[in-house]
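Here's the letter readout for the chains.
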Amino acid sequence: MAETYGYIRVSSTDQNEIRQRIALEQQGISSGHIFMDKMSGKDFQRPRYQAMLKKLRPGDQLCVTSIDRLGRNYEEILEQWRVLTKEKRVDILVLDMPLLDTRRDKNLLGTFIADLVLQVLSFVAQNERENIRSRQAQGIAAAKQRGVRFGREVKPLPDNFLENCDLWLTGHISGLEAARRCRMPSSTFYRKAGNLREGSVDIV
């Protein structure tokens, strides 16, 4: 007998788990047939998704609330759609996109329409992510041109750094003693002293 399964994916910042679960249960899917991963959708190497794949049999149905819950990578989504519908021979229902319902229109035209809609949606999602990354890169570049500094603020060297660095370099005190006098970790002292010898430390 064919079974119906539901799949939920939420990222660490996504709070839509409850909404997705309610939507799947409204389709009559029992909690035991709902699989959930809480991780990125960049690929399909997700433990619960892989466990669900092993459960699926020809004629079963997989239900997701939206295509981005299945995944976020254009090529990966298309490949996984092929695996599910062609190799596993299961039906897929995307709740917020009725055209992506492989149960209907089993003829060639219906399959063509579903595949076309999937490719368009996946392309748009992928293109938008690339645009976001491009805008972020442009924003960072513009901020750097304005003098905005990213990362942790560099602390100024203590006033007695040069004096103690010289004492250490001339063998009058140990590196540990020099670091103690400068009130900094020994690893930081050695790194700053090494940079100073190379002429790359800004004494501020």
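The structure under discussion appears in the preceding block.
Since the structure is predicted, the reported quantities are computational estimates derived from the model, not experimental observations.

Draft legend 1. Expanded view of the overall build of the chain. Looking only at helices and strands, the chain has 8 helices and 4 strands in total. Traced from its N-terminal end to its C-terminal end, the chain shows the element sequence β-α-β-α-β-α-α-β-α-α-α-α. Residues classed as buried in the chain amount to 34% of the 204 residues present. Residue pairs at least 24 apart in sequence account for 60% of intrachain contacts in the chain once pairs closer than 6 positions are excluded. Total accessible area computed for the chain in this model is approximately 13,100 Å², and 52% of it derives from carbon and sulfur atoms.

Draft legend 2. Highlighting the sheet that holds strand β4 (residues 91-94). The sheet built from 4 strands is open, its strands ordered β2-β1-β3-β4 with parallel pairing. The two strands at the open ends of the sheet, each matched to only one other strand, are β2 (34-38) and β4. Ignoring strand direction, the axes of neighbouring strands in this sheet form an average angle of 20°. Pairing of strand β1 (residues 4-10) with β2, which is carried by 5 bridges, proceeds in the parallel orientation. The residue of β2 that forms the bridge with Tyr7 is Phe35. Against the sheet, helix α1 (residues 17-25) makes contact with β1, β2 and β3 (61-64), and its axis sits at roughly 170° relative to β1, the strand it touches most. Relative to the sheet, helix α2 (residues 47-55) contacts β1, β2 and β3, its axis offset from that of β2 by approximately 155°.

Draft legend 3. Structural detail: the side chain of Gln80. With respect to the helices and strands, Gln80 occurs in helix α4 (residues 74-87). For Gln80, a relative accessible area of 9% corresponds to the buried category. Once you skip the residues sitting within four places of it in the chain, Gln80 turns out to touch Phe44, Tyr49 and Leu53.

What counts, and at which threshold
Residues numbered from 1 in each chain as written. Predicted model: local features only at pLDDT ≥ 70, side-chain atom pairs only at ≥ 80, totals over all residues. Heavy atoms only, no water. Helix = DSSP H or I, 4+ residues; strand = E, 2+ residues; numbered from the N terminus. Buried < 20%, exposed > 50% of the residue type's maximum accessible area, 1.4 Å probe, protein only. Contact = heavy atoms within 4.5 Å. Areas by Shrake-Rupley, 256 points an atom, 1.4 Å probe, with all protein chains shown as cover. Pairing = 2+ DSSP bridges. Axes fitted to C-alpha atoms, helices over the stretch in contact; angles between N-to-C directions.

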